[in-house]
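Residue-level structure breakdown
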Amino acid sequence: MKGQTSEELAVLRREFSELAGLQTAGCITYSLCKRADELYIAAQENGLPARKCAFPGQDAAQAELLLRYLYENAVSPQQINDVIRDLYPGLR
């Protein structure tokens, strides 16, 4: 995924508030991007480097549903690769 320009097709931001003793404030940004003929999903938490995972196939509508799933379930960036592989077993 290096060396080529990518286009963001959709972006969702999940904000978390400070809850004393339970969680710190933060944000996860989920992005659906396209580079050349490849779709991929990126998730970035609190400004740390984004975690990226290629989406199988070229179905942008299906990829957007997956993006919304990750957002609505607040999947951590560290888990996106595992979650996508569980949902799409043929993905290498």
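Refer to the preceding data block for the structure.
Residues numbered from 1 in each chain as written. Predicted model: local features only at pLDDT ≥ 70, side-chain atom pairs only at ≥ 80, totals over all residues. Heavy atoms only, no water.

Time to look at the overall build of the chain. Looking only at helices and strands, the chain features two helices and four strands. In the chain, the succession of helices and strands from N to C terminus is β-β-β-β-α-α. Relative to the compact-globule value of 12 Å for 92 residues, the chain shows a C-alpha radius of gyration of 14 Å, a close match. Principal-axis analysis of the C-alpha atoms gives the chain an extent of 45 × 30 × 20 Å. Counting every position in the chain, which comprises 92 residues, the buried fraction comes to 33%. The long-range fraction of contacts in the chain, counting pairs at least 24 apart against all pairs at least 6 apart in sequence, stands at 45%. Of the accessible surface of the chain, which amounts to about 5900 Å², a share of 48% is contributed by carbon and sulfur atoms. Charge-centre separation for the chain: the mean point of 10 positive side chains lies 5 Å from the mean point of 12 negative side chains. (Helix = DSSP H or I, 4+ residues; strand = E, 2+ residues; numbered from the N terminus. Rg over C-alpha atoms; globule rule 2.2 N^0.38 Å. Buried < 20%, exposed > 50% of the residue type's maximum accessible area, 1.4 Å probe, protein only. Contact = heavy atoms within 4.5 Å. Areas by Shrake-Rupley, 256 points an atom, 1.4 Å probe, with all protein chains shown as cover. Lys, Arg positive; Asp, Glu negative; His and termini not counted. Charge placed at Lys NZ, Arg CZ, Asp CG, Glu CD.)

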